[in-house]
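Observations on the three-dimensional arrangement
The lines below spell out each chain.
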Amino acid sequence: MPSVHSSPCYPMENPAIASLLRHNTTGEKRNKFSTGGLLKMFKLFPMLTSGCKMVALLGRPRKPMLKDSATTGTIFGYRKGRVSLAIQEDTRQMPIFLIELPMLTSALNKEMASDIVRIALESETKTNKKKLLEEFVWAVYCNGRKVGYSIRRKQMSDDELHVMQHLRGVSMGAGVLPNASEKETSDGEMTYMRARFERVVGSKDSEALYMINPDGAQCPELSIFFVRAH
């Protein structure tokens, strides 16, 4: 399986991912990003506590704060557990794509130290009968390194449903969610980062999500790529 490099300085062996990367990296310089940004908020998770009331307040609206065609992506997981990815076209509806990534939340936090995170999911299925995001088995790469395989979820777990319900009125943000029950879990608190993404369809076998930065920076902090191998 070809490796997936996260930096435009490296040659891309997978032409589908390379074409998607060029959408936002060709001839583009990295903006200075000294303050703000959702990734920087996400890196503050160890400093946050479950006493934060912001999420409870943001979760009350029945309508999304921003109305547009942008796709919503949510990365969430317990501090000591694995991180999950949910893609939604409407935050009031169930995700169109939900998967638990084969990496710990703490490991993702370390990747975010570079301020640029690129997650690539590659399906090895060689049939075109399904839409790309309907594939089940995915090889997962993070910043060019393969971290393992994951299976897309057909149904949400109680924890995942809890997260989606609490964030149904949140367009973007990062923080700590209240526990689904009063019992403390060994994996710590549930943390999340939600952002809006520009969805780019390269072909029936390749799609990409580019994070829309709230501060207007040109270079995305987070990009997610979906590719089906030929």
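Residues numbered from 1 in each chain as written. Predicted model: local features only at pLDDT ≥ 70, side-chain atom pairs only at ≥ 80, totals over all residues. Heavy atoms only, no water.

So, the environment of G169
Here is the rule: Secondary structure is summarised from DSSP: a helix means a run of H or I of at least four residues, a strand means a run of E of at least two, and numbering begins at the N terminus for each.
Relative to the elements of secondary structure, G169 occurs in the loop between α5 (158–166) and β7 (173–177). For the pair formed by G169 and D90, sequence separation is 79 residues and the distance between their alpha carbons is 9.9 Å.

Quick look at the environment of T91
This is how it is decided: Residue exposure (1.4 Å probe, protein chains only): buried if accessible area is under 20% of the type maximum, exposed if over 50%, otherwise partly exposed. Counted as a polar contact is a pair of N or O atoms within 3.5 Å, where, for protein atoms, one must be capable of donating a hydrogen and the other of accepting one, and residues adjacent in sequence contribute only when both atoms are in side chains.
In this structure, T91 sits in the loop between β2 (82–88) and β3 (97–104). Classification of T91 by relative accessible area gives buried; the value is 6%. Sequence spacing of T91 and V170 is 79 residues, and the spatial spacing of their C-alpha atoms is 7.6 Å. For T91, the side chain forms a polar contact with the main-chain oxygen of R168, separated by 2.8 Å.

Here we look at the pattern of salt bridges
Note the cut-off: Any Lys or Arg side-chain nitrogen found within 4 Å of a carboxyl oxygen on Asp or Glu counts as a salt bridge.
Counted by the stated rule, this structure contains nine salt bridges. Ionic pairing is found between R153 and E100, a salt bridge with its closest N-O pair at 3.7 Å. One end of the pair, R153, is in the loop between β6 (145–151) and α5; the other, E100, is in strand β3, and 53 residues separate them in sequence. R153 gets classed as partly exposed once you look at its relative accessible area, which sits at 31%. Note that E207 and R199 form a salt bridge whose closest N and O atoms lie 3.0 Å from each other.

Side note on the packing of aromatic side chains
For the record, the criterion: Each Phe, Tyr or Trp ring, with Trp reduced to its six-membered ring, pairs with another whose centre is within 6.5 Å; inter-plane angles below 30 degrees give stacked pairs, above 60 give edge-to-face pairs, and intermediate values give tilted ones.
All chains considered together, the criterion is met by four aromatic pairs. Aromatic side chains F97 and W138 sit 5.8 Å apart centroid to centroid with 85° between the ring planes, which places their arrangement in the edge-to-face category. In this pair, F97 sits in strand β3 while W138 sits in strand β5 (residues 137–142), placing the two residues 41 residues apart along the sequence. A relative accessible area of 0% means that F97 is categorised as buried. Judged by its relative accessible area of 0%, W138 is buried. On the numbers, 5.1 Å between centres and 75° between planes, the contact of F97 with F226 is edge-to-face. With F97 in strand β3 and F226 in strand β10 (residues 222–228), this pair connects stretches of sequence that are 129 residues apart.

Structural measurements only, silent on function.
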